[in-house]
Amino acid sequence: MAKVVLENVYKFYPGHIPAVQDASLEIQDQEFVVLVGPSGCGKSTTLRMIAGLEEISKGNIYIDGKKINEVPPKDRDLAMVFQNYALYPHMTVYKNMAFGLKLRRYPKDEIEKRVHHAAEMLDIKDLIHRRPKALSGGQRQRVAVGRAIVRKPKAFLFDEPLSNLDAKMRVQMRTEISKLHGRLSSTMIYVTHDQVEAMTMGDRIVVMKDGIIQQVATPMNLYNQPANQFVASFIGSPPMNLFQGCIVEKKNGLVFDEGHFSICIEDIHRSILTSYTGKEIVFGIRPEDLYDASGVSNANLDNQIKARVEVVEPMGAEVFLYLNTGTHSFVARMDAHEKECRGQELTLSLNIKKSHFFDKETGACIGL
């Protein structure tokens, strides 16, 4: 297995167009790391540079302490699973999985042992004599993963492997890949644009935007302590609500004033926000940290938002309410037994201890 290190890595396309900028990252041996971000953020380019499929413009990449900038892809001992499966259509499942081992002149009995072991692990043993056209999307993806497993590489690289599957199969396959990581105890680097995949699969998540790493953290640290406004709005489904307003000093103390509502700043935030008095900032609150004030005993009248319900989305055990204050749209996550309906006026209380504050100019989390 392998430790993978990126050291100030850059990738420029013709015309000096930056795809990845100053990426530094340490992926520990046997760690499952997910690169996530919107389309065009540089995550797949980063993965392809690790694989050797893209040249590095600047910086260094190391595997187990060895610099691999000039090492050909075939000599890096990495296995990559692609979005489009990349299976040979004229070959059976068995031959697809065995092909890489045959090229490396492995003994026939060793090839057979590895292929059957991987097929059993992935529950495709009954499919090894079929060709790819006779398989479902999920089965093809299992074959692609199996072809990587038989290699016993130093690390596995996954480039959006589940994006062509339907919603139910994506859930099933992400669980299978997580189980596989546990069985193989291998280093895995996984690229996705789906933050739910990232949150449920990764030991750590690397959030990228415009070719720049925004934050590297465990899923829950990323969710609870976003480093900046972009991470706060990207991670979470629905995402964090963000309101622009001003920090002002009033009789009752320091207050965040949005115009339609105001929030009293708690002691835990007061010291870091005092220097922003008179300045505009961005206030963030997760949908689950908003409550119907009518159902909250001893609700703080200073920390409430009045809004109209625009859309109700029943989700089974919970319901998402899309609301509008007149200047801002936002989302609240409620229990399914609540009876709110479209057009209703609601007063919402906030769990102010779970609030976040961001610098309006830089987007950075204030106090992090």
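How each quantity is defined
Residues numbered from 1 in each chain as written. Predicted model: local features only at pLDDT ≥ 70, side-chain atom pairs only at ≥ 80, totals over all residues. Heavy atoms only, no water. Salt bridge = Lys/Arg side-chain N within 4 Å of Asp/Glu carboxyl O. Helix = DSSP H or I, 4+ residues; strand = E, 2+ residues; numbered from the N terminus. Buried < 20%, exposed > 50% of the residue type's maximum accessible area, 1.4 Å probe, protein only. Pairing = 2+ DSSP bridges. Axes fitted to C-alpha atoms, helices over the stretch in contact; angles between N-to-C directions. Phe/Tyr/Trp six-rings, centres within 6.5 Å; stacked < 30°, edge-to-face > 60°. Lys, Arg positive; Asp, Glu negative; His and termini not counted. Contact = heavy atoms within 4.5 Å.

J.: Can you walk me through the pattern of salt bridges in this structure?
T.: Should the charged atoms of two oppositely charged side chains come close, the side chains can pair. If you walk through the whole model with that rule in mind, you get 13 salt bridges. For E54, the salt bridge goes to K11, with nearest N and O atoms at 3.6 Å. With a gap of 43 residues between them, E54 in the loop between α1 (43-51) and β4 (58-63) and K11 in strand β1 (residues 4-13) connect regions that are remote in the sequence. Residue classification places E54 among the buried residues on the basis of a relative accessible area of 19%.

J.: Hey, could you run me through the sheet that holds strand β18 (residues 329-335) in this one?
T.: Across a sheet, paired strands are connected by hydrogen bonds in the backbone, their directions being either parallel or antiparallel. Ordered by their spatial adjacency, 5 strands build an open sheet running β15-β19-β16-β17-β18, and the pairing between neighbours is antiparallel. With one partner strand each, in any of the chains shown, β15 (290-292) and β18 form the two edges of the open sheet. Here the average twist between neighbouring strands, direction ignored, is 50°.

J.: I would appreciate a short explanation of the packing of aromatic side chains in the present structure.
T.: Counted under the stated rule, the structure contains 12 aromatic pairs. Relative to F158, the ring of F156 lies with its centre 6.4 Å away and its plane at 25°, an arrangement referred to as stacked. Across the pair, F158 and F156 agree in class, each one buried. A centroid spacing of 5.2 Å and a plane angle of 85° characterise the contact between F243 and F261, whose relative ring orientation is edge-to-face. Here the residue F243 occupies a position in strand β11 (residues 241-250), and F261 occupies one in the loop between β12 (253-257) and β13 (262-264), the gap between them amounting to 18 residues. On the basis of relative accessible area, F261 is assigned to the buried category, the value being 5%.

J.: Even after reading the chapter, I still don't get the pairing of β1, so can you show me in this structure?
T.: For a regular strand, side-chain orientation follows a simple rule: the groups alternate between the two sheet faces. As paired strands, β1 and β4 are joined by 5 bridges and run antiparallel to one another. Across the sheet, the residue bridging to L6 is I61, located in β4.

J.: Mind showing me how you'd approach the side chain of E160 here?
T.: Relative to the helices and strands, E160 resides in the loop between β7 (155-159) and α5 (167-184). Despite its burial, E160 pairs with no opposite charge, the nearest such side chain being K43 at 4.1 Å. Leave out the neighbours within four places in its chain, and E160 touches K43, S44, Q83, V191, T192 and H193.

J.: Explanation requested: the sheet that holds β4 in the structure shown.
T.: An order of β2-β1-β4-β5 is seen for the 4 strands of this open sheet, with the pairing classed as antiparallel. Each end of this open sheet is capped by a strand with a single partner; those strands are β2 (17-27) and β5 (66-67). One ladder, built from 2 bridges, connects β4 with β5; its direction is antiparallel. Bridge pairing links Y62 to K67 in β5. In the packing of α1 onto the sheet, the strands contacted are β1, β2 and β4, and the crossing angle to β1 comes to about 115°.

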